[in-house]
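# Results of the structural survey
If you want the building blocks of each chain, they are given just below.
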Amino acid sequence: MSSATDPLVALASLPGVPDAVDSVRRAVDRVYGHRVMRRRAGEITSEAALRAARGSAALSGADWALEEVRRRSDFSLDAQARTVGAALRLTAEAGQLLSIWRQSPMRVLARLHLVAVGQVGAGAGLGAGADSAAGSGFGSGDTVGRPRLAGEPVDEPLVELPLPDAVEVAGRLEGLSGLIIGGSSAPALVTAAVVHGELLALRPFGTYNGLVARAAERIVLINSGLDPKAICPAEVGHAEQGAAAYLAAFEGYVSGTPQGMAAWIAHCGRAVELGVRESTAVCEALQRGAA
């Protein structure tokens, strides 16, 4: 795809973005080169997934301690518990959808929302769950797993910006899907940041849009080859930078200005780097025998 038909390439050349891309690449290379990764990569991946879920849930209003997330088995008691449960299911599901993402991103997004709401279990297969009973109380079967229609409400506690209408949502989702299917020569960080920002801006589902947007970012980072073992959880970094910084950067994305878009991409890059730092700390703890 040429730069004339690939808008992501233009974003990759914005001031500050090449530096952010290079910084992320160096950070990722460092953690992949850690000696613990040669023999205990599976443990690092599992720990990164848990910490990613905790971070994503925190941004959606359920800021639990990591050990609380680790010890819990029932995530149905209240809204915060359901949010944490949804985040855990999504991080588990993301790795199962990599081969489908480039072929049918809309199917993947629908699946992510079904999993978040709890109408299907993670790993149950893309064809499963459309007719299964909802157990979470978050949406009925005819509203879950599809973009919202005109007049349907959206529950997204973190983002208070005006909602695009259903017609705009449908058109922009189609455009995003076309970009993904067509492929891009832009760096993975740029693509991941745009997918994340666009889904958060559109809030296409009635619930859990933030969790789904961050799960889609995760899929892009893994599927692109930047983080194939899923050990660089951007969700950790988004949470660590705080909700206020997250929203300020996101407003830059929504503005559509070159400065705003560059600031959002750089923010996402910093999130990946902080995720790398988290996994590096896990590697060091395993090396010392402390984890």
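Fair warning: this is a prediction, and the values are worked out from it, not measured in the lab.

### Considerations on the overall build of the protein chain
Each helix and strand counted, the protein chain has 13 helices and zero strands in total. What you see in the protein chain, going N to C, is helices and strands ordered as α-α-α-α-α-α-α-α-α-α-α-α-α. Its C-alpha atoms give the protein chain a radius of gyration of 18 Å, within 12% of the compact-globule value 19 Å for 291 residues. Dimensions of the protein chain, computed from the C-alpha atoms along their principal axes, are close to 55 × 50 × 35 Å. Of all 291 residues assigned to the protein chain, the portion counted as buried reaches 52%. Relative to all contacts within the protein chain whose residues are 6 or more apart in sequence, the contacts with residues 24 or more apart total 71%. When the accessible surface of the protein chain is split by element, carbon and sulfur atoms take 53% of a total near 12,200 Å². Each charge sign in the protein chain was given a centre, from 27 positive and 30 negative side chains, and these centres are 8 Å apart.

### Notes on the side chain of Arg-203
Examined against the element boundaries, Arg-203 turns out to sit in the loop between helix H9 (188-202) and helix H10 (209-223). Buried charge without a partner: Arg-203 forms no salt bridge, and the closest opposite charge is Glu-156, 7.0 Å away. In contact with Arg-203, not counting residues within four places along its chain, are Arg-148, Val-154, Glu-156, Val-159, Leu-161, Pro-162, Leu-163, Pro-164 and Asn-209.

### Here we look at the pattern of salt bridges
All told, the structure shown has 15 salt bridges when counted by the stated rule. Between Arg-172 and Glu-168 there is a salt bridge; the shortest N-O distance is 2.7 Å. Taken together, the residues span about one helical turn, with Arg-172 and Glu-168 both in helix H8 (residues 166-182) at a distance of four residues. On the basis of relative accessible area, Glu-168 is assigned to the partly exposed category, the value being 35%. Note that Arg-218 is salt-bridged to Glu-235, the shortest N-O span being 3.7 Å.

### Let's talk about the packing of aromatic side chains
Inspection of the entire model under this criterion finds four aromatic pairs. With 6.4 Å between their ring centres and 25 degrees between their planes, Trp-64 and Phe-75 make a pair best called stacked. With Trp-64 in the loop between helix H3 (37-59) and helix H4 (66-71) and Phe-75 in the loop between H4 and helix H5 (79-94), the pair connects residues that are eleven residues apart, well separated along the chain. Within the aromatic cluster, the residues linked to one another by ring pairs are Tyr-246, Phe-250, Tyr-253 and Trp-264.

### Quick notes on the environment of Glu-93
By the secondary structure assignment, Glu-93 is in helix H5. On the accessibility criterion, Glu-93 (2% relative accessible area) is buried.

### Focus on the environment of Ala-12
Among the structural elements, Ala-12 can be located in helix H1 (residues 7-12). For the pair Ala-12 and Arg-270, spaced 258 residues apart in sequence, the C-alpha separation works out to 15 Å. When sequence neighbours within four positions are dropped, the list of residues in contact with Ala-12 reads Val-17, Pro-18, Pro-187 and Val-190.

### Let's talk about unusual backbone geometry
Positive phi is not limited to glycine here, since Tyr-208 has a value of about 60 degrees. When you line up the elements, Tyr-208 lands in the loop between H9 and H10. The buried category is assigned to Tyr-208, whose relative accessible area is 7%. With phi around 55 degrees, Ala-230 is a residue other than glycine that occupies positive phi space. The residue Ala-230 is located in the loop between H10 and helix H11 (234-241) in this model.

### Notes on the nonpolar core
Trp-101, Leu-109, Leu-112 and Val-190 are the most contacted members of the largest nonpolar core, which has 90 residues in total. What Leu-112 contacts, discounting residues up to four positions off in sequence, is Leu-90, Glu-93, Leu-97, Val-212, Ala-215, Ala-216 and Ile-219.

### Considering the packing of H11 against helix H13 (residues 258-288)
Between H11 and H13, whose axes approach to 6 Å, the crossing angle comes to 110 degrees. Overall, the two elements H11 and H13 adopt an arrangement that is roughly perpendicular. Where H11 abuts H13, its residues Ala-234, Val-236, Gly-237, His-238, Glu-240 and Gln-241 lie against His-267, Cys-268, Arg-270, Ala-271, Val-272, Leu-274, Gly-275, Arg-277 and Glu-278.

### Brief notes about the state of the cysteines
The full count for this structure, using the stated rule, is zero disulfides. Among the cysteines around Cys-283, which has no disulfide bond, Cys-232 carries the closest sulfur, lying 9.6 Å off.

### Describing the confidence of the model for the protein chain
Overall, the predicted model of the protein chain reaches an average pLDDT of 91, with 90% of residues at or above 70. Every residue in residues 127-139 is under pLDDT 50, and counting partners more than four places away or in other chains gives 21 contacts.

The rules behind these values
Residues numbered from 1 in each chain as written. Predicted model: local features only at pLDDT ≥ 70, side-chain atom pairs only at ≥ 80, totals over all residues. Heavy atoms only, no water. Helix = DSSP H or I, 4+ residues; strand = E, 2+ residues; numbered from the N terminus. Rg over C-alpha atoms; globule rule 2.2 N^0.38 Å. Buried < 20%, exposed > 50% of the residue type's maximum accessible area, 1.4 Å probe, protein only. Contact = heavy atoms within 4.5 Å. Areas by Shrake-Rupley, 256 points an atom, 1.4 Å probe, with all protein chains shown as cover. Lys, Arg positive; Asp, Glu negative; His and termini not counted. Charge placed at Lys NZ, Arg CZ, Asp CG, Glu CD. Salt bridge = Lys/Arg side-chain N within 4 Å of Asp/Glu carboxyl O. Phe/Tyr/Trp six-rings, centres within 6.5 Å; stacked < 30°, edge-to-face > 60°. Core = buried A, V, L, I, M, F, W, Y, C linked by side-chain atoms within 4.5 Å. Axes fitted to C-alpha atoms, helices over the stretch in contact; angles between N-to-C directions. Parallel < 35°, antiparallel > 145°, perpendicular 65-115°, else oblique. Disulfide = S-S within 2.5 Å. pLDDT = per-residue confidence, 0-100.

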